[in-house]
Amino acid sequence: MDSFTFQCPTRIYYRKGGLYLIGKILREDYSCRKVLVVFGGHSLVDNFYFDIIVKSLKDNGIEYQTYSGICANPDVSDAKKAIEQARDFQPDFVLACGGGSVIDCSKLIAHGYYYDGNPLDFFKKGVRPLHSLKLGVILTLAASGSEMSDSCVISDRSTGFKGGFNDVSNYPTFSLLDPTLTETVGSYQTAIGLVDMFSHSFERYFSPSPFMEPCDGLALSVMADIVKASHLVLLEKTNPEEGRRMMMLLGSLSHDGFTNFGKKKVFRIHQAEHRLSGKYPQLVHGQGIALLIPPFLRINKDILSKKILRLGKIVFDENRRSVDEAIELVESWLLSLPIAHEFDELEFDVDPQDIQQAEKRLKIERQ
């Protein structure tokens, strides 16, 4: 008999212009008095978001410290430094302000606060978090879905390791979704964010299941709406405001577990990409995913033929007779986006043998 466990406890605050409310949310809803604010580069400061956050915290009597500089494919060294700072400061909350990299690193900070060992132990399956600091999220980039997921990914650049672990403790306590924060995100970052969120339902859809698995219909619907959002924001630019609202909601919905509700999750593309970006940390996750989706479909087209045809019909509203034609619909959408479409278009070299190894990991032996 089928058996599964499902839980998604994150509270979502969807507020246009909601950045001004963060201090009130922390104080009134969670009785927070001290918070460690974690963010990435200069964009939070350059766009004056940081000033708004600080004012809101001060206006609500919340003491704060900051840890900044989290980069794409975040390194465990940052988490270790921030954990030491947090232990000295003793906050009630970690507040992650950014996209998936900042959120994932903040998850590890929250877990590592109470753990005396190496934070990488969580990823190498040695231990699981039993107690963590509370985590709040201000989402600035719609992509990873980490603001409402049980996943966390980290790198150790000193060894070339990149891996993830899934645990209910990874769900943030709350996430603030303000679509206006995505307006300053460039077209490339927006595009790879769309690919990333597309891949979360794409991988769940192609995970093993009966052909008419109920949640597969939801996964297809989410993918179809992501394609529509890409047209609104990037391609036709007919209604970018509505498109950004869609992106922010779809990023969370695509990775909160609902599109694999009732089935086992198998993420072959993500696992292959993690190996690549572990060795090549300059490879942005969504970009790596975009390069691996077409070979995944080509390599497994025989075993996945019925599902590929269904995807073409529902996601792209095209009833194609052949599997190859359906795959071309996915490839055409990716080609329409302002991203690299071949490994040799990247600004750095990737060893062909590493590409071959990644593609070998995409193959499904049986379904």
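Our structure's up above, just so we're on the same page.
Remember, it's a predicted structure, so these values are computed and weren't measured experimentally. (Residues numbered from 1 in each chain as written. Predicted model: local features only at pLDDT ≥ 70, side-chain atom pairs only at ≥ 80, totals over all residues. Heavy atoms only, no water.)

**Observations regarding the overall build of the protein**
Part 1: Each helix and strand counted, the protein has 13 helices and eight strands in total.
Part 2: Reported as C-alpha extents along the three principal axes, the dimensions of the protein are approximately 65 × 50 × 45 Å.
Part 3: Within the span of the protein, comprising 367 residues, buried residues form 56% of the whole.
Part 4: A separation of at least 24 residues holds for 78% of the contacts in the protein among residues at least 6 apart in sequence.
Part 5: Of the roughly 16,200 Å² of accessible surface on the protein, a fraction of 49% belongs to carbon and sulfur atoms. (Helix = DSSP H or I, 4+ residues; strand = E, 2+ residues; numbered from the N terminus. Buried < 20%, exposed > 50% of the residue type's maximum accessible area, 1.4 Å probe, protein only. Contact = heavy atoms within 4.5 Å. Areas by Shrake-Rupley, 256 points an atom, 1.4 Å probe, with all protein chains shown as cover.)

**A short note on the pairing of strand E7 (residues 161–166)**
Part 1: As paired strands, strand E6 (residues 151–156) and E7 are joined by six bridges and run antiparallel to one another. What sits directly across from aspartate 156, in E7, is phenylalanine 161. (Pairing = 2+ DSSP bridges.)

**Focus: the sheet that holds strand E3 (residues 63–67)**
Part 1: With parallel pairing, the six strands of this open sheet are ordered in space as E1-E8-E5-E4-E2-E3. Strand pairing shows two members of the sheet lacking a second neighbour, strand E1 (11–14) and E3, which therefore form its edges. Adjacent strand axes in the sheet meet at a mean angle of 20° when their direction is disregarded.
Part 2: The sheet contact formed by E1 and strand E8 (residues 174–177) spans four bridges and is parallel. If you follow tyrosine 14 over to E8, its bridge partner there is leucine 177.
Part 3: Strands in contact with helix H1 (residues 22–30) are E1, strand E4 (93–98), strand E5 (134–139) and E8; relative to E8, the strand with the most contacts, it is inclined by about 150°.
Part 4: Relative to E3, helix H3 (residues 49–59) is tilted by about 155°, and along the sheet it contacts strand E2 (34–39), E3, E4 and E5. (Axes fitted to C-alpha atoms, helices over the stretch in contact; angles between N-to-C directions.)

**What to know about the side chain of threonine 140**
Part 1: Among the structural elements, threonine 140 can be located in the loop between E5 and E6.
Part 2: On the basis of relative accessibility, which here comes to 14%, the residue threonine 140 falls in the buried class.
Part 3: Filtering out sequence-adjacent residues up to four positions away, threonine 140 remains in contact with Leu44, Gly98, Gly99, Leu181, Thr182 and Val185.

**Topic: the pattern of salt bridges**
Close approach of charged atoms allows side chains of opposite charge to pair.
Part 1: Here the structure, examined in full by the defined rule, presents 16 salt bridges.
Part 2: Among the ionic pairs, lysine 263 bridges to aspartate 216, the shortest N-O distance being 2.8 Å. Of this pair, lysine 263 sits in the loop between helix H8 (240–255) and helix H9 (268–279) while aspartate 216 sits in helix H7 (residues 214–235), and the two are 47 residues apart along the sequence.
Part 3: One network of salt bridges, in which partners are shared, links Arg298, Lys301, Asp324 and Glu331. (Salt bridge = Lys/Arg side-chain N within 4 Å of Asp/Glu carboxyl O.)

**Some points on the nonpolar core**
Part 1: Grouped together as the largest cluster of nonpolar side chains are 58 residues, with contacts concentrated most on Phe198, Phe202, Phe206, Ile293, Phe296, Leu297 and Leu311.
Part 2: Looking at this core, the elements that each hand over two or more residues are helix H6 (187–205), H7, H8, H9, helix H10 (285–299), helix H11 (305–315), helix H12 (323–336) and helix H13 (352–360).
Part 3: The residues touching leucine 297, leaving out its near neighbours within four places in the chain, are Phe202, Phe206, Ile308, Ile327 and Val330.
Part 4: In this structure, Tyr67, Leu133, Leu135 and Ile154 belong to the second largest nonpolar core, which totals 30 residues. (Core = buried A, V, L, I, M, F, W, Y, C linked by side-chain atoms within 4.5 Å.)

**With respect to the packing of aromatic side chains**
Part 1: Summed over the entire model, instances satisfying the criterion amount to 16 aromatic pairs.
Part 2: For the ring pair tyrosine 30 and phenylalanine 174, a centre distance of 5.2 Å and an interplane angle of 15° mean the geometry is stacked. Of this pair, tyrosine 30 sits in helix H1 while phenylalanine 174 is found in strand E8, placing the two residues 144 residues apart along the sequence. For the residue pair tyrosine 30 and phenylalanine 174, the accessibility class agrees, reading buried in each case.
Part 3: Ring pairs connect the aromatic residues Phe198, Phe202, Tyr205, Phe206, Phe296 and Trp333, which therefore count as one cluster. (Phe/Tyr/Trp six-rings, centres within 6.5 Å; stacked < 30°, edge-to-face > 60°.)

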